[in-house]
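Listed here are the chains, written in short residue letters.
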2 protein chains.
Amino acid sequence: MKTRVTEALGIRLPIVQGGMQWVGLAEMAAAVSNAGGLGTLSALTQPTPEDLGREIDRCRTLTDRPFGVNVTMLRTMNAPPYDRIFDVIVEHGVRIVETAGNVPAEVFDRLRAAGVTVIHKCTSVRHALAAEKRGVDIVSIDGFECAGHPGEDDVPGLVLIPAATRALKIPVIASGGIADGAGMAAALALGADGVNMGTRFVATREAPVHPRIKQALVDARETDTRLMFRTLKNTARVLRNAISEEVVALERRDGGATFDDLRPLVAGPRGRATLASGEVDDGVVWAGQVVGLVDDIPSCGELLERMVAQCRAALADASRRCG
Amino acid sequence: MKTRVTEALGIRLPIVQGGMQWVGLAEMAAAVSNAGGLGTLSALTQPTPEDLGREIDRCRTLTDRPFGVNVTMLRTMNAPPYDRIFDVIVEHGVRIVETAGNVPAEVFDRLRAAGVTVIHKCTSVRHALAAEKRGVDIVSIDGFECAGHPGEDDVPGLVLIPAATRALKIPVIASGGIADGAGMAAALALGADGVNMGTRFVATREAPVHPRIKQALVDARETDTRLMFRTLKNTARVLRNAISEEVVALERRDGGATFDDLRPLVAGPRGRATLASGEVDDGVVWAGQVVGLVDDIPSCGELLERMVAQCRAALADASRRCG
């Protein structure tokens, strides 16, 4: 396949495994890159920038294909050492970075100066236009149905993808709501030059999470996600489980809930432990609505080849019906 | 074009103008049917069943192509005379009915016995499966982004359309979020056999609403809709205007709002008057998020021919990139 995204990233298939906290380890990224897509390490999953450097090196022992590093810049009290993280990324020769969150213009400038191709992930056309103006190479546009942070506009991909591809000159990767070749075909038809998947990649053989987590994604339907932190204007889409139901209930009680009230339930280490133990109700499990379309646990290689075949078949079938 | 929907409905293009209160008059339906799609009269827009009969006859003077009648069965205190409405539909030889809402199984049985092709509109896979079991011919599946009543599951088309087409044997019409040929191509790629549009058809030359309403749709962006009645579990997506902002504010106040509190703002005659006067802030104006993709006011003929050309081009371009 040949799109502006495969060409910009030097990959065979325009399928990106987006940044995923606790999941974006070398095994995951290398498996996707070896399958022809773009794997992505999550910078913040590593305890220190030096650990990230070692993970980058480790990933390189597992694949000789391009892979990226995701850096999500959160508004947080204890900010990670972002400067040092970008140092490490550049020093270790990473050529592709996926940014997300509130990225200062200097970061884009710095990455560009280092010859890094930047994919910036955002949830609205206005943010995408701002990113384009700041010189990012590719926008990954994340619809309402996505796992993680869909923003507060609640515009899903069927509208957001064409709104973005109409407005932007740079390539657009469609993110959220895609798990198979039909979704990929739809995204391409809507003008995207590639797709980004997270949830689908968690239910692959190579994903570094407990098999019971993968099975929970297979079992879940499209109605089995919840939006938490809506009342804090920091909405997050996660799998429906005991934790997310409790968080939503606390947010709905009279007077609502503060983040401090919710912290014991949603703390990162607790989510990480859940992914490792497979005790699905013990912590937050990120999932998009596309979980309803996830029905098996293939290898990344099987998944990507199947998607491409499905994508071509869906387009051929649709074209045939169009006469 | 040739899909299971064009074949079942006897139309040239698989593009349906869905039921729209106050808009689904003979001019609108006939314009869409003459353009090769399926126009639809809204039964409840007519004051009495006899008026509906006259509107059906009037539509027939404006087109010799198939058109449908929408019957939305609301939970309401003063129920319209549904039995009589279906009598009139059958007596006047209507061959296609779009149902929506809480339709008793007897209604489906009766329409089937009369040889009517039934399109049932619903917002979830479980409701679609129930409708299929009850013998409806086609399901129109309405995603979260749609105008009107998206239900309470909040699953948008990019996930809901493939979830429905995977689950159902009968043809699926994709509804919500589609306004152009790229969206149509996406829907076909996701397995749908046709598309349904409402908002897009309001911004056509033939739509029986004031030009200022059409211009308001052209001017609006994808972020310019509001969900009202969310707290009443009867969510409705409408254009952002003074009325919908006030309704949402009342729902958000301490203690919330009852429907009786909101009735003076949202009463049907008030919305109808707004469509006629073009005073956009005077009443409820229904609109889906796809309003952000509506940029002009073509005739229905121009719109449909353009959509087909765009659809074919989008599929060809996507196929080319797939190698």
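Every chain begins its residue count from 1, and numbering advances along the sequence as written. Going through the entries in the order they are written, you letter the chains from A and number the ligands from 1. For this predicted model, a pLDDT threshold of at least 70 governs which residues receive local features, and a threshold of 80 or more governs which side-chain atom pairs are given and counted, while totals over whole chains, interfaces and linings are taken from all residues. Heavy atoms from the whole structure form the basis of all side-chain values; hydrogens and water molecules are not counted.

Asker: Just checking my understanding: could you explain the overall build of chain A for this structure?
Answerer: Regarding its fold elements, chain A presents 14 helices and 10 strands. Its C-alpha atoms give chain A a radius of gyration of 19 Å, within 12% of the compact-globule value 20 Å for 323 residues. Seen along its three principal axes, the alpha-carbon backbone of chain A occupies a region of about 55 × 50 × 40 Å. In this scheme, a residue with accessible area under 20% of its type's maximum is buried, one over 50% is exposed, and one in between is partly exposed, where area comes from a 1.4 Å probe on protein chains only. For chain A, with 323 residues in total, the buried portion stands at 60%. Two residues qualify as a contact provided that any one of their heavy atoms is within 4.5 Å of a heavy atom in the partner residue. Sequence separation of 24 or more characterises 62% of the internal contacts of chain A that already satisfy a separation of 6 or more. Here a strand is any run of E in DSSP of at least two residues, a helix any run of H or I of at least four, and the numbering for each starts at the N terminus. Values of the radius of gyration come from C-alpha atoms, whereas the globule rule sets the reference at 2.2 Å times the count of residues to the power 0.38.

Asker: Just to check I follow, could you spell out the interface of chain A and chain B for this structure?
Answerer: Interfaces are frequently sized by the accessible area removed from exposure as the parts join. In this assembly, 46 residues from chain A lie in contact with 46 residues from chain B. Here the buried area means the combined drop in accessible surface, using a 1.4 Å probe, for two parts upon being joined, counting both sides. Carbon and sulfur atoms make up 64% of the area that chain A and chain B hide from each other, which totals about 3700 Å². When the area that chain A buries against chain B is broken down by residue, the three leading residues are Leu158, Arg321 and Cys322 of chain A, summing to 21%. Salt-bridge contacts for aspartate 295 of chain A lead to arginine 166 of chain B; the nearest nitrogen and oxygen are separated by 2.9 Å. Within 3.5 Å is the distance limit for a polar contact, defined as a pair of N or O atoms, with the added protein rule that one can donate a hydrogen and the other accept it, and that residues adjacent in sequence qualify only through two side-chain atoms. Applying the counting rule to chain A against chain B returns 18 residue pairs in polar contact (both at pLDDT 80 or more). Of all the secondary-structure elements, those providing two or more residues to the side of chain A that touches chain B are helix 7 (157–167), helix 8 (181–189) and helix 14 (300–321) of chain A. Note on residue classes: Ala, Val, Leu, Ile, Met, Phe, Trp, Tyr, Cys and Pro are nonpolar, Asp, Glu, Lys and Arg are charged, and everything else, Gly too, is polar. Across the side of chain A that touches chain B, the residue classes tally to 25 nonpolar, 10 polar and 11 charged. A pairing counts as a salt bridge when a side-chain nitrogen of Lys or Arg comes within 4 Å of a carboxyl oxygen of Asp or Glu.

Asker: Sorry, what's going on with the packing of helix 4 (residues 82–91) of chain A against helix 5 (residues 105–113) of chain A here?
Answerer: Working note: a packed helix pair is described by the angle between its axes plus the distance between those axes. Residues and elements named next belong to chain A. The interhelical angle for the contact between helix 4 and helix 5, taken along N-to-C directions, is 15 degrees, at an axis separation of 11 Å. As far as their axial angle goes, helix 5 and helix 4 are roughly parallel. In this structure, helix 4 crosses over helix 5, and the sense of that crossing is right-handed. Counting all contacts with helix 4, which are made through Asp83, Phe86 and Asp87, the residues of helix 5 involved are Val107, Arg110 and Leu111. Class assignment for the residues of the contact of helix 4 with helix 5 results in three nonpolar, no polar and three charged. To define axes, lines are fitted to C-alpha atoms, for helices over the stretch in contact only, and angles between the resulting N-to-C directions are given on a 0 to 180 degree scale. Angles below 35 degrees are treated as roughly parallel, those above 145 as roughly antiparallel, those between 65 and 115 as roughly perpendicular, and all remaining angles as oblique. Here a crossing is taken to be left-handed if its near helix is turned anticlockwise relative to the far helix by less than a right angle, and right-handed if that turn runs clockwise.

Asker: Would you mind showing me how to read helix 13 (residues 268–277) of chain A here?
Answerer: For an α-helix, the turn length of 3.6 residues means that residues three or four places apart are oriented alike. Residues and elements named next belong to chain A. Restricting attention to buried positions, one finds in helix 13 the residues Gly271, Thr274 and Leu275. When helix 13 is viewed along its axis, its buried side chains cluster within an angular range of 95 degrees and face the same direction. Residues of helix 13 that are exposed and point over 90 degrees away from its buried face: Pro269 and Ala276. Residues of helix 13 that are buried sit in contact with helix 10 (211–219). A positive phi of about 80 degrees marks glycine 278, the residue just after helix 13. Arc definition: it is the arc formed by the directions from the helix axis to the C-beta atoms.

Asker: Just to check I follow, could you spell out the domain arrangement of chain A for this structure?
Answerer: All names here are of chain A. Segmenting chain A into domains produces domain 1 (4–208 + 297–321) and domain 2 (225–286). Bear in mind that the domain bounds are from an automatic or database domain assignment. Domain 1 and domain 2 are separated by 24 Å when their C-alpha centres are compared. For the pair domain 1 and domain 2, the summed buried surface comes to about 1200 Å²; carbon and sulfur atoms form 51% of the total. When the area that domain 1 buries against domain 2 is broken down by residue, the three leading residues are Trp22, His149 and Glu152, summing to 47%. The tally of links from domain 1 across to domain 2 stands at two salt bridges. Where domain 1 meets domain 2, there are 10 residue pairs in polar contact (both at pLDDT 80 or more).

Asker: Sorry, what's going on with the nonpolar core here?
Answerer: A general trend in soluble globular proteins is that nonpolar side chains are found buried together. Buried residues of nine kinds, namely Ala, Val, Leu, Ile, Met, Phe, Trp, Tyr and Cys, make up a nonpolar core once their side-chain atoms join them within 4.5 Å. In this structure, Val71 and Phe201 of chain A together with Val71 and Phe201 of chain B are the most contacted members of the largest nonpolar core, which totals 189 residues. If sequence neighbours within four positions are ignored, valine 71 of chain A has contacts with Ala43, Tyr82, Ile85, Phe86, Ile89, Val97, Glu98, Thr99 and Ala100 of chain A.

Asker: Would you mind going over the relation of the copies chain A and chain B with me for this structure?
Answerer: For the pair of chain copies, the relating operation is a rotation around an axis with a shift along it. The atoms used to superpose the copies are C-alpha atoms, taken from residues with pLDDT of at least 70 in both, and the fit is least squares. Superposing chain A onto chain B takes a rotation of 180 degrees plus a shift of 0.0 Å along the axis, which leaves an RMSD of 0.0 Å. Viewed as a symmetry operation, the transformation between the two copies matches a two-fold axis. Taking the C-alpha atom as reference, chain A places alanine 186 of chain A closest to the rotation axis, 2.0 Å from it. The overlap is high: 100% of the interface residues of chain A also sit at the interface in chain B, so the same surface is used on both sides.

Asker: Sorry if this is basic, but what is going on with the packing of helix 6 (residues 125–133) of chain A against helix 7 of chain A here?
Answerer: All names here are of chain A. Viewed as axis vectors pointing N to C, helix 6 and helix 7 meet at an angle of 30 degrees, and their least axial separation amounts to 10 Å. Our classification of the angle between helix 6 and helix 7 gives roughly parallel. With respect to the hand of their crossing, helix 6 and helix 7 are arranged in right-handed fashion. Facing helix 6, whose interface residues are Val125, Leu129 and Glu132, helix 7 presents Leu160, Ala163, Ala164 and Ala167. Each residue belonging to the contact of helix 6 with helix 7 can be placed in one class, and the counts come to six nonpolar, no polar and one charged.

Asker: Can you walk me through the packing of aromatic side chains in this structure?
Answerer: Remark: the centre distance and the inter-plane angle together describe each pair of aromatic rings, the angle taken between the planes. Here is the rule: rings of Phe, Tyr and Trp (six-membered ring for Trp) pair when centre to centre is within 6.5 Å. Planes less than 30 degrees apart are stacked, more than 60 are edge-to-face, and the remainder are tilted. All chains considered together, the criterion is met by three aromatic pairs over all chains. Ring centres of phenylalanine 144 of chain A and phenylalanine 144 of chain B lie 4.5 Å apart, and the angle between their planes is 15 degrees; this geometry places the pair in the stacked category. Of the two residues, phenylalanine 144 of chain A sits in the loop between strand 6 (138–142) and helix 7 while phenylalanine 144 of chain B sits in the loop between strand 6 (138–142) and helix 7 (157–167), which places them in two different chains. The two residues phenylalanine 144 of chain A and phenylalanine 144 of chain B agree in class, both being buried. Centroid distance phenylalanine 229 of chain B to phenylalanine 259 of chain B: 5.7 Å. Interplanar angle 70 degrees. Geometry classified as edge-to-face. Remark: phenylalanine 259 of chain B occurs in helix 12 (residues 259–266) and phenylalanine 229 of chain B occurs in the loop between strand 9 (225–228) and strand 10 (236–239); sequence separation between them is 30 residues. Here phenylalanine 259 of chain B falls in the partly exposed class, since its relative accessible area comes to 35%. The ring of phenylalanine 144 of chain B has arginine 237 of chain B lying over it, and the distance from NZ or CZ to the ring centre is 4.6 Å. Criterion for a charge above a ring: Lys NZ or Arg CZ within 6 Å of the ring centre, and within 35 degrees of the ring normal.

Asker: In this structure, what is going on with the sheet that holds strand 7 (residues 172–175) of chain B? I would like to understand it.
Answerer: Across a sheet, paired strands are connected by hydrogen bonds in the backbone, their directions being either parallel or antiparallel. Residues and elements named next belong to chain B. An order of 1-8-7-6-5-4-3-2 is seen for the eight strands of this open sheet, with the pairing classed as parallel. A strand with exactly one partner marks an edge of an open sheet, and here the two such strands are strand 1 (15–17) and strand 2 (39–42). Strand-to-strand, the axes of this sheet are offset by a mean angle of 25 degrees, without reference to chain direction. Against the sheet, helix 2 (residues 26–34) engages strand 1, strand 2 and strand 3 (67–73), with an angle of about 165 degrees to strand 2. Strand pairing is assigned whenever DSSP identifies at least 2 bridges connecting the two strands.

Asker: For this particular structure, what's the right way to read the environment of isoleucine 141 of chain B?
Answerer: Residue and element names in this part refer to chain B. Assignment of secondary structure puts isoleucine 141 in strand 6. The spatial distance from the C-alpha of isoleucine 141 to the C-alpha of lysine 121 is 5.8 Å, given a sequence separation of 20 residues. What isoleucine 141 contacts, discounting residues up to four positions off in sequence, is Cys122, Thr123, Ser124, Val125, Ala128, Leu160, Ile161, Ala164, Val172, Ile173, Ala174 and Ser175.

Asker: What is the right way to look at the state of the cysteines in this model?
Answerer: Two cysteines form a disulfide when their sulfur atoms are joined by a covalent bond. What counts as a disulfide here is a pair of cysteine sulfur atoms lying within 2.5 Å. The full count for this structure, using the stated rule, is zero disulfides over all chains. No disulfide involves cysteine 311 of chain A; its sulfur sits 3.6 Å from that of cysteine 322 of chain B, the nearest cysteine.

Asker: What am I meant to see in the pairing of strand 5 (residues 117–122) of chain B here?
Answerer: Looking along a regular strand, one sees side chains alternate from face to face of the sheet. All names here are of chain B. For strand 5, the buried fraction is high: six of the six residues fall into the buried class. Both faces of strand 5 are covered, namely the face carrying Thr117, Ile119 and Lys121 and the face carrying Val118, His120 and Cys122. Pairing analysis gives four bridges linking strand 5 to strand 6, with the strands arranged parallel. Bridge assignment links histidine 120 to a residue of strand 6, and that residue is valine 139. This β-α-β element, strand 5 to helix 6 (residues 125–133) to strand 6, shows right-handed connectivity. By convention, a crossover is right-handed whenever its connection, traced from the first strand over the helix to the second and viewed with the strands pointing away, goes clockwise.

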